[in-house]
Amino acid sequence: MFLKIGELARRTGLTVRALRHYGDIGLLTPSARSEGRYRLYGREDVARLYRIQALRRLDISLTNIVAILDKEAGGLSEVVAQQLTRLDHQIRQANTLRAHLAELQKQLSSNTEPGLDDWLVALESMVAGNKYFSDEEMASLSTQRSTLAETRQTEKAALAATLRNMLDTGVSPDSAQGMALARRWIELLLEEAGGDEGVLIKIYTMHWHEPALHALTGVHQAGMQFISHAMAYNRLELYAGYCNDHDIKRLRQHYVQQTDAWPPLIAAIREHMSRGAAPDSTDMQVLARRWQAISLAKACGDPQLQIKLQRAFQNEAALRLGSGIDLPLTSYVNQAIRQLESPLAL
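Residues numbered from 1 in each chain as written. Predicted model: local features only at pLDDT ≥ 70, side-chain atom pairs only at ≥ 80, totals over all residues. Heavy atoms only, no water.

Q: Just to check I follow, could you spell out the pattern of salt bridges for this structure?
A: Between side chains of opposite charge, a pair can form when the charged atoms approach closely. Inspection of the entire model under this criterion finds 11 salt bridges. Put simply, Arg-11 and Glu-7 hold a salt bridge, and the shortest N to O gap is 3.9 Å. Within this pair, Arg-11 and its partner Glu-7 are both found in helix α1 (residues 5-12), separated by four residues, close to a single helical turn. Measuring nitrogen to oxygen at the nearest pair gives 2.8 Å for the salt bridge that ties Lys-156 to Glu-192. Of this pair, Lys-156 sits in helix α8 (residues 150-169) while Glu-192 sits in helix α9 (residues 176-192), placing them 36 residues apart in sequence. On the accessibility criterion, Glu-192 (3% relative accessible area) is buried. Put simply, Asp-247, Arg-250, Asp-302 and Lys-308 are held in one network by salt bridges that share partners. (Salt bridge = Lys/Arg side-chain N within 4 Å of Asp/Glu carboxyl O. Helix = DSSP H or I, 4+ residues; strand = E, 2+ residues; numbered from the N terminus. Buried < 20%, exposed > 50% of the residue type's maximum accessible area, 1.4 Å probe, protein only.)

Q: Explain the nonpolar core to me, please; I cannot follow it from the model alone.
A: Generally speaking, nonpolar side chains in soluble globular proteins are found buried as a group. Of all hydrophobic cores here, the largest spans 35 residues; its most connected members are Tyr-239, Leu-251, Ile-269 and Trp-291. Those elements giving two or more residues to this core turn out to be α12 (221-239), α13 (245-254), α14 (262-274), α15 (282-298), α16 (303-315) and α18 (327-341). For this core, the leading source of residues is α18, giving six residues. Not counting chain neighbours up to four residues away, the residues in contact with Leu-251 comprise Leu-236, Cys-243, Val-256, Lys-298, Ala-299, Cys-300, Leu-305 and Leu-309. Formed by 25 residues, the second largest nonpolar core is a distinct cluster that contains Leu-181, Leu-190, Ile-203 and Ala-230. (Core = buried A, V, L, I, M, F, W, Y, C linked by side-chain atoms within 4.5 Å. Contact = heavy atoms within 4.5 Å.)

Q: Explanation requested: the packing of aromatic side chains in the structure shown.
A: The description of an aromatic ring pair rests on the distance of the ring centres and on the angle between the ring planes. Considering all chains together, one arrives at three aromatic pairs under this definition. Summarising the aromatic geometry, the rings of Tyr-239 and Tyr-255 are spaced 5.7 Å apart at their centres and angled 75 degrees between planes, so their arrangement reads as edge-to-face. Highlighted residues: Tyr-239 in helix α12 and Tyr-255 in the loop between α13 and α14, separated in sequence by 16 residues. Using a relative accessible area of 0% as the deciding quantity, one classes Tyr-239 as buried. Aromatic side chains Trp-262 and Trp-291 sit 4.9 Å apart centroid to centroid with 75 degrees between the ring planes, which places their arrangement in the edge-to-face category. Separated by 29 residues along the polypeptide, Trp-262 in helix α14 and Trp-291 in helix α15 bring together distant segments of the chain. What makes Trp-262 buried here is its relative accessible area of 13%. Residue class for Trp-291 comes out buried when judged on its relative accessible area of 13%. Lys-4 extends its terminal NZ or CZ atom over the ring of Tyr-38, reaching a point 5.1 Å from the ring centre. (Phe/Tyr/Trp six-rings, centres within 6.5 Å; stacked < 30°, edge-to-face > 60°. Lys NZ or Arg CZ within 6 Å of the ring centre and 35° of its normal.)

Q: Can you help me understand the sheet that holds strand β2 (residues 32-33) in this one?
A: Backbone-to-backbone hydrogen bonds pair the strands of a sheet. The strands run either parallel or antiparallel. Reading across the sheet, the three strands line up as β1-β3-β2 and stay open at both edges, with antiparallel pairing between neighbours. Since the sheet does not close on itself, it has two edges, and those belong to β1 (3-4) and β2, each with one partner. Two strands pair when backbone bridges link them, and β2 and strand β3 (residues 39-41) are joined in this way by two bridges, in the antiparallel orientation. Of the residues in β3, the one forming a bridge with Ala-32 is Leu-40. (Pairing = 2+ DSSP bridges.)

Treat this as a map of the structure, not an account of what it does.
Spelled out as structure tokens, the structure:
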């Protein structure tokens with residue numbers, strides 16, 4: 001007895017799209033095809049699908065399930081080891097958070113109100129977990145915060161208050177005061193990130209997606225967007241050394257419009273880079289195409305102006321400051337783009 005894909009989907013509660021995806025990645029290949037080339041699934045296919053779904057309930061990735069069912073390298077033993085490693089990671093994070101909360105409780109019991117950074121570290125630990133940072137990055141952030149002078153924290157609070165006032169009174173990101181505030185904010189944030197652009201973009205991503213942190217930092221999404229746009233205007237001043245007046249006039253109309261598209265793209269590419277994904281991998285090629293599209297749109301759709309901007313960004317460290325982009329990331333993206341442009345990719 002054979003089942004067509006629609007019948008199999010109905011009886012298992014899965015979608016036709018999911019079953020087709022399983023086939024595309026070699027996880028569940030139908031045993032037969034009808035005369036009309038429709039997929040037909042037999043008893044062994046259904047049994048394999050049962051095992052697939054059982055393993056999915058253990059939160060095992062589709063890639064690992066393929067290895068397990070096909071008895072390739074690694075197999076179940078390696079997957080269990082990976083799960084143990086992940087669990088150990090979560091336990092270490094939980095212990096770190098518990099120690100910090102115990103210190104907060106000690107302060108509260110003695111009628112001492114914990115400082116802003118104490119609450120911020122606790123909240124970041126709760127919302128971040130392994131969602132944004134590795135153990136090493138969380139430890140580094142904690143160390144950096146503890147070594148920053150109290151005057152730095154006071155300055156950040158004052159900048160946050162000034163930023164809120166700018167938003168309330170309609171100050172433009174391209175104003176002198178807006179651009180100056182953004183530069184200083186990024187300098188302090190990079191200091192906190194130990195100068196690591198990768199950590200900086202993770203901080204940005206976390207604060208963008210975690211509203212619970214806004215009340216403590218005093219900066220919500222509108223404030224983050226203001227800083228991002230003001231930094232874009234700062235960069236326009238640096239690009240002036242590589243572009244003529246006509247170019248700069250056009251950039252002021254188009255460049256900042258693309259600003260909001262960069263952080264999520266940079267974060268996604270960094271995640272692929274940290275996992276060791278090859279520049280020519282399918283997912284990275286999609287991101288490289290997106291990079292090219294935004295880069296061209298930023299340059300008003302002008303390939304020659306795009307080349308000028310790329311040359312400037314490569315040569316001027318000040319342009320990369322606070323962007324989340326450093327030379328290793330640039331090299332990784334360029335490798336991916338070269339793969340896109342090779343004849344074999346056409």
